[in-house]
Amino acid sequence: MSQKPPVTQAIRMLRAHHVAWTDHLYAYEEKGGTRVSARELGVDEHAVIKTLIMHDEQKRPLVVLMHGDCEVSTKNLARQLAVKSIEPCPPAIADKHSGYQVGGTSPFGTRQAMPVYMEASIAELPRIYLNGGKRGYLIGIDPADVVRVLQPTLVNVAVVG
């Protein structure tokens, strides 16, 4: 693909925080998820990180960063956050909170500031691939930069898919 990488809110935020990243454009497939992006980029799906917009029983939104090949244990997350329940937001609600389209949600530059929770083992990877704010566009980044910029709460809520 020879198109230029988009300049999204995520990219503006990374520039503002002087973060180095690499651009990775790929052919987006509806419902393909991290399996497709990992295949298209030729990287391990474990290093492709999903940005999930969820909310608690009070409908307070939050961001969860999870390995592409894992699921989030919402029960464990709710327990760690001392709330009754956590569930994924419906796509239209997730889009409203993040300012991005589901399938293109970046944890950077969200429309609404939300607490970020990151699976702890993500921080141990040498490089991760996150959504850059548009479907079919991932950015390669050092997880230390994600921690520095987003200051996520590290959690252990992964369930191997």
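Residues numbered from 1 in each chain as written. Predicted model: local features only at pLDDT ≥ 70, side-chain atom pairs only at ≥ 80, totals over all residues. Heavy atoms only, no water.

Colleague: Go over the nonpolar core with me, naming the residues and quoting the values.
Modeller: What tends to happen in soluble globular proteins is that the nonpolar side chains get buried as a cluster. In terms of nonpolar packing, the biggest core is built from 32 residues, with L65, F108, I128, L130, I141 and V146 touching the most fellow members. Among the secondary structure elements, those contributing two or more residues to this core are helix 1 (9-16), helix 2 (33-41), strand 2 (49-56), strand 3 (61-67), strand 6 (116-119), strand 7 (128-134), strand 8 (137-141) and helix 5 (143-150). L62, M66, I86 and V157 belong to the second-largest nonpolar core, a separate cluster that totals 13 residues. (Core = buried A, V, L, I, M, F, W, Y, C linked by side-chain atoms within 4.5 Å. Buried < 20%, exposed > 50% of the residue type's maximum accessible area, 1.4 Å probe, protein only. Helix = DSSP H or I, 4+ residues; strand = E, 2+ residues; numbered from the N terminus.)

Colleague: Requested: an account of the pattern of salt bridges, with residues and values cited.
Modeller: Within the structure shown, the criterion is met by 7 salt bridges. A salt bridge links E30 to R135, with the nearest nitrogen and oxygen atoms 3.7 Å apart. With E30 in the loop between strand 1 (22-25) and helix 2 and R135 in the loop between strand 7 and strand 8, this residue pair connects regions lying 105 residues apart in the sequence. The salt bridge partner of R148 is D145, with a shortest N-O separation of 3.4 Å. Here D145 and R148 lie together in helix 5, a separation of 3 residues that amounts to about one turn. Residue classification places R148 among the partly exposed residues on the basis of a relative accessible area of 41%. Since its relative accessible area comes to 17%, D145 is described here as buried. Here the salt bridges share partners, and the residues they tie into one network are E29, R39 and E40. (Salt bridge = Lys/Arg side-chain N within 4 Å of Asp/Glu carboxyl O.)

Colleague: Can you explain the environment of Q3? Please cite residues and give values.
Modeller: Topologically, Q3 is positioned in the segment before helix 1. Overall, Q3 belongs to the partly exposed group, its relative accessible area being 47%. In this structure the C-alpha to C-alpha distance between Q3 and L25, which are 22 residues apart in sequence, comes to 8.3 Å.

Colleague: I'd like a rundown of the pairing of strand 3, residues and numbers included.
Modeller: Across the 7 residues of strand 3, 7 count as buried, placing the element largely inside the fold. Across 7 bridges, the pairing between strand 2 and strand 3 is antiparallel. The partner of M54 across the bridge, within strand 3, is L62. Following strand 2, the chain reverses through 4 residues before pairing antiparallel with strand 3; K59 in that reversal takes a positive phi of roughly 65°. (Pairing = 2+ DSSP bridges.)

Colleague: Go over the layout of surface pockets, please, and point to the residues and values.
Modeller: Approximately 800 Å³ is the volume attributed to the largest pocket. Lining the largest pocket are 32 residues, and of these K50, T51, L52, V102 and G103 sit closest to its centre. Residue assignment for the lining of the largest pocket shows that the elements contributing at least two residues are helix 2, strand 2, strand 4 (70-72) and helix 4 (91-98). In terms of residue count, the dominant contributor to the lining of the largest pocket is strand 2 (6 residues). (1 Å grid on protein atoms, 1.4 Å probe; cavity = no way out; pocket = protein on both sides within 12 Å on 5 of 7 lines; lining within 4 Å. Points joined across faces, edges and corners; volume = space filled by probe spheres on them.)

Colleague: Break down helix 1 for me, with residues and values.
Modeller: Restricting attention to buried positions, one finds in helix 1 the residues A10, I11 and L14. Projected onto a plane normal to the axis of helix 1, the buried residues spread over an arc of 95° and lie on a single side. In this fold, the buried residues of helix 1 make contact with strand 7 and strand 8. One or two residues past the end of helix 1 sits H18, with phi positive at roughly 55°. (Arc of directions from axis to C-beta. Contact = heavy atoms within 4.5 Å.)

Colleague: So what about the environment of E57? Which residues, and what values?
Modeller: With respect to the helices, strands and loops of the structure, E57 is situated in the loop between strand 2 and strand 3. A C-alpha to C-alpha distance of 13 Å links E57 and R79, two positions 22 residues apart in sequence. Discounting residues that sit within four places of it in the chain, E57 has contacts with V83, K84 and S85. Looking at E57, its side chain comes within polar contact range of the main-chain nitrogen of K84, at 3.1 Å. (Polar contact = N/O pair within 3.5 Å; in protein donor to acceptor, adjacent residues only side chain to side chain.)

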